[in-house]
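Listed below are the residues making up each chain.
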Amino acid sequence: MYSSSGRIFLVGIVLLVSTITIFWFLVPIATHWKMSQLLRFEEGEDVASGKSLPKFVEIGPYVYEKTRKTIPLRLDPEEDTFTYQTKFIFQFRPDLSNGSEWDKITILNVPLVAIADKLKQMPRPIQIIAQEYIDLFEAPLFLHTNVKSALFDGIHSDIVESISNLLGVEIMRNNTFGYFTEKNGTTSLPYVVNAGLRDFTKLGSVISFNGQTSLDVWPDKRCNAISGSDGVLYSPFVTRESILRGFNPDICRSWSLDYKGDEEYEGISGYRFGIPKNFYDVSAPENECFCEHEDKSKCLKNGALSLTPCLGAPMVYSNPHFLYGHPNYGQLAGNPNPERDDTVVIIEPTTGIVLMGSLRMQLNLEIKKSKVIKGLGKVKDTLFPLFWVNEVATHLPKAYENLRWRVAIPLTLVEIAKWASLVASVCAIIVGVIIFFTREKHRDWYGYRYTFGEEMLFKNVISVHKFDT
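Residues numbered from 1 in each chain as written. Predicted model: local features only at pLDDT ≥ 70, side-chain atom pairs only at ≥ 80, totals over all residues. Heavy atoms only, no water.

1. Things to note about the overall build of the protein
Counting its secondary structure elements, the protein contains 11 helices and 16 strands. Going through the 469 residues of the protein one by one, you find that 41% of them count as buried. About 27,000 Å² of surface is accessible on the protein, with carbon and sulfur atoms providing 57% of the total. (Helix = DSSP H or I, 4+ residues; strand = E, 2+ residues; numbered from the N terminus. Buried < 20%, exposed > 50% of the residue type's maximum accessible area, 1.4 Å probe, protein only. Areas by Shrake-Rupley, 256 points an atom, 1.4 Å probe, with all protein chains shown as cover.)

Given below as C-alpha cells:
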C-alpha cells in the first residue's frame, strides 16, 4: 500500500497528466469542432488660375446609418461554396450629424475632370471637336450643390451627356454624378465564398467575384489576385501572428491586415488589426503593379493609390489627411492623426468574428492641366481631396451579449480552470515529494538506532551463552 506522501504524489501526477490532456489537447480539439459546427454557411478661382493650391475647410460630419443585408443565392455542399449578394441601405442620422443633408457645399466639378481624362486618350482631331462642344457649356471648375445631391441623389451633367453622345462612350451612368449614387438600395455583384463545410478554417474566403477568380484591371497577376474574405467574417482561431486578408471590389484590390495589439470591446477580449503602413507605398515590390504607368516616375507618391484603372476616372484612394503619406500631400489636407485616421479592426480570435471595424479612407481626384478644357488650362497638377469617411461597423447589443455568454465567458472559465488545475497538480506533486523526503529522513535516523541496539543485544546473548558452557 502507498503511504500518504505516495498517494498525494500520485494524485498530483494524475491531476497533472489529466490537466495537460484535457486543457491542452481535448479542449482545443473540442473547441475547433464546435467552431466548425457554428461557423459555417447553411441554407476657388485662384485654383482655376493656377495661382495657388486649394484650401479646404472640413464640415460635418454627416452621419448615415448603413444597413447590410446578405441575399443568399445558392449553397453547394458538393463544391463547398456559398453564393450571395449584398444590399446596402443608407439612412441619414440627423441626431448624430453636425449639419443637414440640405447644407450648401462647393465641390470640384468631377465630371469636367473625368471628361478631360477621357479626352487625353483620344486622337487629336476628336479632342478638337470635343473642345468646341465643351466651350459651349462654359462649365466651371467648381459646382454649388447640397450634401444629399453630392452623395446620393446625384447631379445630372449636360456636358457629360453631350460628350458621351459625341464619343460614343459612357463616361458616367445616366450622365449623373454622385459619390454614392449606385450604392444606396442597390445589390452588389455576386460573391462565391468557401462555405466551411469541409474545412471551416477556409470559411468566408472569396473564391470568385462576379464570376471571376481574378481581376483584369492591373498589369500584373499579383495585383489582380482575389484573396481573403469580404471583410465581414474571418477564419476562426486568429493568432497575433496571423495576417488577415480581404478583398474590396470598390478599389479593385485585395488587402491585408496585421496585428497591432490586444484590445477589449464590449467586454469581449480581442485582437486589434490594422492596414500596414506600406499599403500605399508604390515603391514596395508587392505594390509596383498598382501603378499603371510603365515609367514609374509618373506613379503617385507614397500614401496614395490610383484608382483610374479600377473606376475609369482619375480617382485616388488614401488614408484621411494622407496619414503615412508623402510630405507633399500634407499641405493639401494635413494634421494626420493615427487615432482618428487609421483603419482599425478588432477580431474575437476564437471565432474570427469582427467585434468592431472602422474603415477610414479618403477619396481624392487627380487634376492636371488640359489643353482641351479651358477650365483646366491653368490649374496646377495636384491631388484634390474630395471627402474622407469613417465607416464604423458594429453589432446589435444582443449579438454582443450572445457572444459573451456563448464564447467569451465559457472560454474564460476554461482558461481559469486550466491554470487552476495545473497549479493544483503541481502543488500536490511538490507536497507529496516534501512529505516523502521528510519521512525518509526520520526513518533513516530511527532505523539506525534500532539496528545498533539489536547488534549489542545479539552480542550479549552470545557472550552469556558461551559463559554457561
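Moving on from the coordinates now.
2. Looking at the sheet that holds strand β8 (residues 206-209)
Pairing in this open sheet of four strands is antiparallel, and the strands run β1-β2-β7-β8 from one edge to the other. Across the chains shown, the open sheet's two edge strands, defined by having one partner strand only, are β1 (64-76) and β8. Mean inter-strand twist for the sheet, computed between neighbouring axes without regard to direction, equals 30 degrees. Sheet analysis places strand β7 (residues 191-194) next to β8, joined by three bridges and oriented antiparallel. Residue Val193 lies in a different strand from β8, and its bridge partner there is Val206. (Pairing = 2+ DSSP bridges. Axes fitted to C-alpha atoms, helices over the stretch in contact; angles between N-to-C directions.)

3. Side note on the packing of aromatic side chains
Enumeration according to the criterion identifies 19 aromatic pairs in this entry. Chaining the aromatic ring pairs together yields one cluster made of Tyr64, Phe90, Phe92, Phe152, Phe177, Tyr179, Phe180 and Phe387. Taking NZ or CZ as reference, Lys66 lies 4.2 Å from the ring centre of Phe88, over its face. (Phe/Tyr/Trp six-rings, centres within 6.5 Å; stacked < 30°, edge-to-face > 60°. Lys NZ or Arg CZ within 6 Å of the ring centre and 35° of its normal.)

4. Here we look at the nonpolar core
Grouped together as the largest cluster of nonpolar side chains are 80 residues, with contacts concentrated most on Leu108, Ile115, Tyr179, Leu365 and Leu386. In terms of residue count, helix α3 (residues 110-119) provides more of this core than any other element does, seven residues in total. Excluding residues within four positions of it along the chain, Leu108 makes contact with Val113, Leu141, Phe142, Leu365, Ile367, Phe384 and Leu386. (Core = buried A, V, L, I, M, F, W, Y, C linked by side-chain atoms within 4.5 Å. Contact = heavy atoms within 4.5 Å.)

5. A word on α3
For α3, the tally of buried residues reaches nine of 10 residues, placing the bulk of the element in the interior. When we look at burial in α3, the residues that qualify are Val110, Pro111, Leu112, Val113, Ala114, Ile115, Ala116, Asp117 and Leu119.

6. Comments concerning the pattern of salt bridges
For the structure shown, the criterion picks out 12 salt bridges. Taking the shortest distance from any N to any O, the salt bridge between Asp230 and Arg68 comes out at 2.8 Å. Of the two residues, Asp230 sits in the loop between α7 (221-224) and β9 (243-248) while Arg68 sits in strand β1, which places them 162 residues apart along the sequence. Here Asp230 falls in the buried class, since its relative accessible area comes to 17%. For Arg68, a relative accessible area of 32% translates into the label partly exposed. A salt bridge links Arg340 to Asp341; the shortest N-O distance between them is 2.8 Å. Judged by relative accessible area, Asp341 falls into the buried class, the value being 0%. (Salt bridge = Lys/Arg side-chain N within 4 Å of Asp/Glu carboxyl O.)

7. Some thoughts on the state of the cysteines
Inspection of the entire model under this criterion finds three disulfides. Each disulfide pairs two cysteine sulfurs, and for Cys252 the partner residue is Cys310, the sulfurs being separated by 2.0 Å. The S-S bond linking Cys252 to Cys310 shows a torsion near 70 degrees; that makes this disulfide right-handed. Of this pair, Cys252 sits in the loop between β9 and β10 (253-265) while Cys310 sits in helix α8 (residues 308-311), and the two are 58 residues apart along the sequence. (Disulfide = S-S within 2.5 Å.)

8. Observations concerning the packing of helix α4 (residues 124-137) against helix α6 (residues 158-167)
The N-to-C vectors of α4 and α6 enclose an angle of 155 degrees; their axes lie 10 Å apart at closest approach. Taken together, the axis directions place α4 and α6 in an arrangement best described as roughly antiparallel. Between α4 and α6 lies a crossing whose hand is right-handed. On α6, the residues touching Ile126, Ile129, Ala130, Tyr133, Ile134 and Phe137 of α4 are Asp158, Ile159, Ser162, Ile163, Leu166 and Leu167. Tallied by class, the residues present in the contact of α4 with α6 amount to 10 nonpolar, one polar and one charged. (Parallel < 35°, antiparallel > 145°, perpendicular 65-115°, else oblique. Left-handed = near helix turned anticlockwise from the far one by under 90°. Nonpolar A, V, L, I, M, F, W, Y, C, P; charged D, E, K, R; others polar.)

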